[in-house]
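Chain by chain, the residues:
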Amino acid sequence: MKSDTIDAAVLGIGYMGGIHLAAAEESPCINKVYGYEPDRAKAEKSGKELGIEVTSDLEAILENPEIKLIYIASPNRYHSELAVKALRAGKSVLCEKPMGETLEQAEKLIHAGKETGNFLQIGFEIHYSKVYLLAKEWIDRGLIGTPVNCHVQYYSSEFHKKNTWRSNSEGSLIGEKLSHYLDMQKWFIGDEVEEVFSLSSPNVVPYFNHPDNHQISMRFKNGAVSQLNFLMYLAETDEGDPLLDTLKKQEDDGHALKTYIMGKKGAIEIDIFKRRIRRWEFKDSPIQLTSKIVETVTYTKEEEITWMHNVHGQNLRIAELAAKGLPPEVPASDAFNTMQICFAAEISEKEHRIVKLEEL
Ligand SMILES: NC(=O)c1ccc[n+]([C@@H]2O[C@H](COP(=O)([O-])OP(=O)(O)OC[C@H]3O[C@@H](n4cnc5c(N)ncnc54)[C@H](O)[C@@H]3O)[C@@H](O)[C@H]2O)c1
């Protein structure tokens, strides 16, 4: 047994659960890791395949005093219920985004976090991903001046497929997918969001239970604004996650995941399909405002996992924080604020109006 270690459990052993499991197994702070799948046959099958104890008895996990940390990677509709139970059982919790499919679910979760005072962090791993951390570092060093405008352009293939929990979900793609990028825009601008306005056109994908496109604008207290454009059908269909698969091809088949951060003195562009981040400097001249690209950083396919969506790195860190009794690095209250923005965008689309965050 590793010394000064805790046991952990992963609830929901699907695609993301597997990533959480791998980090827990690698962490020097975790002694033993358990799994939970509500269906007994599935629990047995994944236990055999993974060579770990996977149970369909949630209470057994919650009552086990050695299990101090719970990773939640179930379908979204169960996040709040599972996380609240785990917090009330005295566990530290890393819960995947979103905090709920409804504002009420997210509120229940944040209240349980506050009431119990237990460790609660939401899986916004962009805060641990090197390309976004570099942008944040450039902003914090004042290299682009005050950020006043942030644009995200995200176009992908349809990769949620027919009759899955994602395509049938009551919750929208704003919570499921775009919460990462709304959270990131807020992080880069570094101020409170005051109001949200969002539009979506009629669907192209006929079998989604929610819109397949969104145009979300935010206005911040300091006057900065942001815009996020999302479509989930344009790019040529790929079998796997389009962000991880055949990047070279996708760079020119309709996929885009670009972020622009405009400051008073310069700008930053992050282009995920080019594996590149660049920085511009603005200067005055007798004729006009001039602009020059002064820094370009690229990364390789092998480095992608830590540069783009560093769930593994986030989870290693969470294990360390939980084992040492340290507080979350990305406060759950920030994540809850992002969830409020997501629900404000949904209300805005339904009611065709600007929604002030203070209404929620
Ligand atoms: N942070 C990220 O970048 C990121 C990326 C992908 C997925 N996710 C999140 O991870 C979660 C899981 O996504 P996925 O792609 O692994 O889905 P998945 O369908 O592959 O896995 C979900 C697993 O949860 C199990 N499950 C079903 N009901 C459950 C319940 N009541 N309690 C516990 N487990 C239950 C399913 O049997 C399945 O094994 C989602 O919330 C998703 O938003 C996050």
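Residues numbered from 1 in each chain as written. Predicted model: local features only at pLDDT ≥ 70, side-chain atom pairs only at ≥ 80, totals over all residues. Heavy atoms only, no water.

Turning to the site of the ligand, a few remarks are in order. In the vicinity of the ligand lie 24 residues, with Met16, Glu37, Asn76, Glu125 and Glu176 positioned nearest. Taking Lys97, its side chain carries an N or O atom lying 3.0 Å from an oxygen atom of the ligand. Here an oxygen atom of the ligand sits 3.3 Å away from a polar atom, N or O, in the side chain of His180. The set of elements that each furnish at least two residues to the shell around the ligand consists of helix H1 (15-26), helix H4 (79-88) and helix H7 (173-189). Its residues assigned to classes, the shell around the ligand shows ten nonpolar, seven polar and seven charged. When we break the shell around the ligand down by domain, the ones giving at least three residues each are domain 1 (6-122 + 311-329) and domain 2 (126-298 + 340-359). (Near = heavy atom within 4 Å. Polar contact = N/O pair within 3.5 Å; in protein donor to acceptor, adjacent residues only side chain to side chain. Helix = DSSP H or I, 4+ residues; strand = E, 2+ residues; numbered from the N terminus. Nonpolar A, V, L, I, M, F, W, Y, C, P; charged D, E, K, R; others polar. Domains from an automatic or database assignment.)

Counting across every chain of the model gives 23 salt bridges. For the salt bridge of Lys32 with Glu53, the shortest nitrogen-to-oxygen distance reads 3.0 Å. Separated by 21 residues along the polypeptide, Lys32 in strand E2 (residues 30-36) and Glu53 in the loop between helix H2 (40-50) and strand E3 (54-55) bring together distant segments of the chain. On the accessibility criterion, Lys32 (33% relative accessible area) is partly exposed. Residue Glu53 is classed as partly exposed on the basis of its relative accessible area of 47%. Salt-bridge contacts for Arg278 lead to Glu269; the nearest nitrogen and oxygen are separated by 3.0 Å. (Salt bridge = Lys/Arg side-chain N within 4 Å of Asp/Glu carboxyl O. Buried < 20%, exposed > 50% of the residue type's maximum accessible area, 1.4 Å probe, protein only.)

On to the packing of helix H6 (residues 130-140) against H7. Taken N-terminus to C-terminus, the directions of H6 and H7 make an angle of 25 degrees; their axes are 10 Å apart at the nearest point. Considering the angle they form, H6 stands roughly parallel to H7. From H6, Tyr132, Leu133, Ala135, Lys136 and Ile139 reach across to H7, where they touch Tyr181, Met184, Trp187 and Phe188. Along the lines of polarity and charge, the residues of the contact of H6 with H7 split into eight nonpolar, no polar and one charged. (Axes fitted to C-alpha atoms, helices over the stretch in contact; angles between N-to-C directions. Parallel < 35°, antiparallel > 145°, perpendicular 65-115°, else oblique. Contact = heavy atoms within 4.5 Å.)

In this section: unusual backbone geometry. The omega torsion of the bond from Lys97 to Pro98 falls at -10 degrees, within 30 degrees of zero and hence cis. Considering the arrangement of structural elements, one finds Pro98 in the loop between strand E5 (92-95) and helix H5 (103-116).

Moving on, we get to a nonpolar patch on the surface. Among the surface-exposed residues, Phe197, Leu199 and Ile354 lie close enough to one another that they form a single nonpolar patch of about 250 Å² accessible area. Along the polypeptide, Leu199 turns up in strand E8 (residues 193-199). What makes Leu199 partly exposed here is its relative accessible area of 40%. (Patch = residues over 30% accessible without salt bridge, like charges linked within 9 Å, V, L, I, M, F, W, Y side chains within 5 Å. Areas by Shrake-Rupley, 256 points an atom, 1.4 Å probe, with all protein chains shown as cover.)

Looking at the protein chain, the domain boundaries give domain 1 (6-122 + 311-329) and domain 2 (126-298 + 340-359). Computed over C-alpha atoms only, the centres of domain 1 and domain 2 are separated by 28 Å. Counting residues at the interface gives 15 residues for domain 1 and 13 residues for domain 2. Here domain 1 and domain 2 share an interface that buries about 1,200 Å² over both sides, 57% of which is from carbon and sulfur atoms. On the domain 1 side of the contact with domain 2, Lys97, Glu101 and Leu103 bury the most area, a combined 42% of that side's loss. The interface formed by domain 1 and domain 2 contains one salt bridge. Where Lys97 meets Glu176, a salt bridge forms, and the shortest distance between an N and an O atom there is 3.7 Å. Inspection of the region where domain 1 meets domain 2 yields five residue pairs in polar contact (both at pLDDT 80 or more). Taken together, the elements giving at least two residues each to the side of domain 1 that touches domain 2 come down to H5 and helix H10 (311-324). (Buried area = accessible area lost by both parts, 1.4 Å probe.)

The next point concerns the side chain of Glu158. Mapped onto the elements, Glu158 comes out in the loop between strand E7 (147-156) and H7. Within the buried core, Glu158 has no salt-bridge partner, and the shortest N-O distance to an opposite charge, that of Lys161, equals 6.9 Å. Within the structure, the side chain of Glu158 is placed 2.4 Å from the backbone nitrogen of His160, a separation counted as a polar contact. A polar contact of 2.7 Å, which involves the side chain of Glu158, links it to the side chain of Tyr207. Dropping the residues within four chain positions of it, Glu158 is found in contact with Val205, Tyr207, Phe208, Met232, Tyr233 and Thr237. (Lys, Arg positive; Asp, Glu negative; His and termini not counted.)

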